[in-house]
Amino acid sequence: MNPPQLTPQAAGLDPAGLPQHVAVIMDGNGRWAKQRGLPRVQGHRAGMNTVRRVIRACGELGIPFLTLYAFSTENWKRPAAEVSFLMNLLLEFLRRELKEMNRQGVRLRRLGRRDRVPPRVLAQIDRAVKSTAHNQGLQVNLAFNYGGRREILDAVKKAAKARTPLTEESFGRHLYTAGLPDPDLLIRTSGEYRISNFLLWQLAYAEIVVSPVLWPDFGERELVAALAEYQRRERRFGGVEAVRLPQTVKRHA
C-alpha cells in the first residue's frame, strides 16, 4: 500500500509560502556507512533511496523545481572504484526509476559538463531527459559532473562569443541553469556549513538550512522541517522590508 499523499496543509506548511526552487547538497553518505561498519559505497546506495523519497515529497508538496548535487567536478579525485560505483549507481537509478518519474510527472534536466562522463552514463541520462521532457510536474535538475566555478567560466566564454551587452540577466542565460529561477532554499545535510562549489552565482540570495541528519537518514520529516524553517525567514534581498515573491512561475525551463 502506498503511503498517503503529502500535502502542505497536512505538513503544517503555508502553501503560498513554499519555495519555488529547492537545491540540496546531499552530504553524509560515507559517514553513514562508516557509523555502521559498512563500505562507503553502501552509504551511496542508501542515499539513492533518499533521493527517491525527496523527489516524491517535493512533487506532492507542489514545489516546481528541485536541484540535487549528485556528482561534482571535484569528485573525480575519489578512488576509482568509488567513482565507478557512483556511475553505475546512477545508471541503476535512472533505469529503475524512469517509469515512476513519468508516473509522477517528473521532468528531468541535467546540469553540468559532459566531458569525462562515460558514454553509457551520458546516454542513459539523455534517454531519461528525453523520456520525461513533456511531463508537467516537479522538474528535477541533476547536477552531475557539476562545478560552480567551471559553470561561471563556461558562461563567460559563451558571453564573450555572443558579443552582446552584458548584464546580470543576460549572463544568466549562459549558465547551465538558464531559464530556471534561482534557488529560494538551499538544504545541506550532515551538519556541514559549506556550499562546496555549488550554484555559486545562483545562491546569492538563497536561504540556507543545514540539517544535522546524514543524507541516507533524511526523509519527509526533515524536509518538512527545512521548509518550515524557510517559512519563518524574512527575505529582504538587501532591502529593509521583507519581500513576498509571486507564487506563479513558469514551471519548466
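Residues numbered from 1 in each chain as written. Predicted model: local features only at pLDDT ≥ 70, side-chain atom pairs only at ≥ 80, totals over all residues. Heavy atoms only, no water.

A word on the overall build of the protein chain
A count of helical and extended segments in the protein chain gives seven helices and six strands. Helices and strands in the protein chain line up, N terminus first, as β-α-α-β-α-β-α-β-α-α-β-β-α. By its C-alpha atoms, the protein chain is 50 × 50 × 35 Å across when sized along the principal axes. In the protein chain, which comprises 253 residues, the share counted as buried stands at 49%. For the protein chain, long-range pairs separated by at least 24 residues make up 78% of all intrachain contacts whose partners lie at least 6 apart in sequence. Here the protein chain has roughly 13100 Å² of accessible surface; of this, 54% comes from carbon and sulfur atoms. Separation between the mean location of the 40 positive side-chain charges and that of the 24 negative ones in the protein chain comes to 7 Å. (Helix = DSSP H or I, 4+ residues; strand = E, 2+ residues; numbered from the N terminus. Buried < 20%, exposed > 50% of the residue type's maximum accessible area, 1.4 Å probe, protein only. Contact = heavy atoms within 4.5 Å. Areas by Shrake-Rupley, 256 points an atom, 1.4 Å probe, with all protein chains shown as cover. Lys, Arg positive; Asp, Glu negative; His and termini not counted. Charge placed at Lys NZ, Arg CZ, Asp CG, Glu CD.)

Examining the environment of Arg188
Among the structural elements, Arg188 can be located in strand E5 (residues 185-188). Residue classification places Arg188 among the buried positions, given a relative accessible area of 4%. For the pair Arg188 and Leu214, spaced 26 residues apart in sequence, the C-alpha separation works out to 9.4 Å. Among the polar contacts made by the side chain of Arg188, one reaches the side chain of Ser196 at a distance of 2.7 Å. (Polar contact = N/O pair within 3.5 Å; in protein donor to acceptor, adjacent residues only side chain to side chain.)

Some points on the packing of helix H3 (residues 80-104) against helix H4 (residues 119-131)
Relative orientation of the contacting elements H3 and H4 amounts to 15 degrees, with a least axis distance of 10 Å. Our classification of the angle between H3 and H4 gives roughly parallel. Relative to H4, H3 is oriented so that their crossing is left-handed. Of H4, the residues touching H3 (which contributes Met87, Asn88, Leu90, Leu91, Leu94, Arg95, Leu98 and Asn102) are Arg120, Val121, Gln124, Ile125, Ala128 and Ser131. (Axes fitted to C-alpha atoms, helices over the stretch in contact; angles between N-to-C directions. Parallel < 35°, antiparallel > 145°, perpendicular 65-115°, else oblique. Left-handed = near helix turned anticlockwise from the far one by under 90°.)

A few points about the sheet that holds strand E2 (residues 65-72)
Taken in spatial order, the six strands of this open sheet run E3-E4-E2-E1-E5-E6, and their pairing is parallel. Each having just a single partner strand, strand E3 (107-111) and strand E6 (207-210) make up the two edges of the open sheet. Averaged over all adjacent pairs, the angle separating strand axes in this sheet is 20 degrees, with direction ignored. Judged from the five bridges that link them, E3 and strand E4 (residues 139-146) form a sheet pairing that is parallel. Paired with Arg107 across the two strands is Gln139, which belongs to E4. Strands E3 and E4 of the sheet are contacted by H4, whose axis makes an angle of about 140 degrees with E3. (Pairing = 2+ DSSP bridges.)

Here we look at the side chain of Thr189
Locating Thr189 in the fold gives a position in the loop between E5 and E6. The residues contacting Thr189, other than those within four sequence positions of it, are Ile25, Met26, Asp27, Ser211, Val213, Leu214, Trp215 and Phe218.

Describing the pairing of E4
The two faces of the sheet receive side chains in turn, since in a regular strand these alternate between them. A large share of E4 lies buried, amounting to eight of its eight residues. In this structure, E2 lies alongside E4, joined through seven bridges in parallel fashion. Its bridge partner being in E4, Ser72 is matched across the sheet by Tyr146.

As far as function goes, none of this settles anything; it's purely spatial.
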